[in-house]
Amino acid sequence: MPYPFLLSSLTANSNPPPSLRLNFLPPDSTPSPFVSVSFSGCHRRPSLSLRAKSEMAFSLDAQGHKTLLEFMGKEVSSVGDDLSILLSHLQCACKQIAAVVASPFNAELGRRVGGGGAGTLSGRDAPKPLDLVSNEIILSSLRNSGKVAVMASEEDDVPVWLSDDGPFVVVTDPLDGSRNIDASIPTGTIFGIYNRLEELDHLPVQEKAQLNSLQSGTHLVAAGYVLYSSATILCVSFGSGAHAFTLDHSIGEFVLTHPCIQAPRRGQIYSVNDARYFDWPDGLKRYIDTVRQGKGQYPKKYSARYICSLVADFHRTLIYGGVVMNPRDHLRLVYEANPLSFLVEHAGGRGSDGKTRILSIQPVELHQRLPLFLGSLEDMHELESYKNIQQRINPGYEV
């Protein structure tokens, strides 16, 4: 079904945040399901006076901040030119999504488009309007990079083949937490990058697209997320450490603000939906009861913090320590669990399904779901020691 709107332009040349223009068209006047997006800030910096530019350059140099592109070029030897080009296009896509999410027009977009979308998902998992827009933005950016062979998205039933000679495969959840966006709850983008499997090049397009997208997490080249909140933060690992960059609206660039992130070996926070307590297995109940009374291996009472936005809950856990979890078969191995587990491991933490290291699990389906536990190394080991922590009762929650 064609989108009944045209997302015509995003511009970063006005005062931040960037402005957004949405031209709504009647359904019968939209020739195809196409979203056209332009974001001038991705190609050039906002116009500044010479004095302002000099002062800005001095300020950045004085603080030692590097942009994402500078960091990739100078600090990470494993990042070649192809991966740098891919990341430069991906960061541009995320700047555009940040502008869309922050726009006062996104509620109007939801009313005009409605809650439906392409694909087989329904109910709580049906694509929302901003999911679809974000998906189109990322797809367009990856296609324009010329460096991606295939993109597999949580919003699509099957992967999209982009280029026969693109060296990389990208898997993504374009807009995690979008169903909470009307309440201005933080959202995010999750991505993982693999090398294209050249030994599959002789296969039919759809078959090689599928198999390239079903690589295990141990083969990830890079992975990360972008948090859209009070600040827009891009956190990425190239297989050696984890680093976070904050979008500086004054120059339109992601600048390094959290180098070499190390998750605390222990935190004092657990993040899970406590309302599901009575559906949990005994092991998970005992763990939560124990740590919130301060009777666990760490002799302090744990606090609960739960946003119900995976990227936001994970980001807090990465910075402050603790554990974030969804104990039932809900989160997707390919699009969410693998990239975030790769990231947390390179920050000194652990990702598990409650029994097995996430990155060692071989995906067999694109939309394969599983329980997910992420967090500080010692907290994760203690949690897994309770054995029975995977929720097998899944009555189908409506909220």
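This is a predicted model, so every value here is computed, not measured.

### What to know about the packing of aromatic side chains
In this description, a pair of aromatic rings is defined by centroid distance and the angle of the planes. Per the stated rule, a full pass over the model turns up six aromatic pairs. When the ring of tyrosine 225 is compared with that of phenylalanine 314, the centres are 5.6 Å apart and the planes differ by 90 degrees; the resulting orientation is edge-to-face. You can see tyrosine 225 sitting in strand E7 (residues 220–228) and its partner phenylalanine 314 sitting in helix H8 (residues 310–320), a full 89 residues away along the chain. Just as tyrosine 225 is buried, phenylalanine 314 falls in that class too. An angle of 85 degrees between the planes, with centres 5.3 Å apart, marks the rings of tyrosine 277 and phenylalanine 278 as edge-to-face. A relative accessible area of 17% places tyrosine 277 in the buried class. Classification of phenylalanine 278 as exposed rests on a relative accessible area of 70%. Within the aromatic cluster, the residues linked to one another by ring pairs are Tyr277, Phe278 and Trp280.

### Quick notes on the sheet that holds strand E14 (residues 350–352)
The strand order E12-E11-E13-E15-E14 describes an open sheet built from five strands, whose pairing is mixed. Each edge of the open sheet carries a strand with a single partner, namely strand E12 (303–304) and E14. Bridge count for strand E11 (residues 269–271) against E12 is two bridges, and the pairing is parallel. Bridge pairing links tyrosine 270 to alanine 304 in E12. Packing of helix H9 (residues 333–345) onto the sheet brings it into contact with strand E13 (323–332), E14 and strand E15 (369–375), and relative to E15 it is tilted by some 20 degrees. Each of E13, E14 and E15 is contacted by helix H10 (residues 377–384), which is oriented at about 30 degrees to E14, the strand it contacts most.

### Comments concerning the side chain of serine 134
With respect to the element layout, serine 134 can be found in helix H5 (residues 129–145). Ignoring sequence-local partners within four residues, the contact set of serine 134 consists of Ile97, Pro174 and Leu175.

About the thresholds
Residues numbered from 1 in each chain as written. Predicted model: local features only at pLDDT ≥ 70, side-chain atom pairs only at ≥ 80, totals over all residues. Heavy atoms only, no water. Phe/Tyr/Trp six-rings, centres within 6.5 Å; stacked < 30°, edge-to-face > 60°. Helix = DSSP H or I, 4+ residues; strand = E, 2+ residues; numbered from the N terminus. Buried < 20%, exposed > 50% of the residue type's maximum accessible area, 1.4 Å probe, protein only. Pairing = 2+ DSSP bridges. Contact = heavy atoms within 4.5 Å. Axes fitted to C-alpha atoms, helices over the stretch in contact; angles between N-to-C directions.

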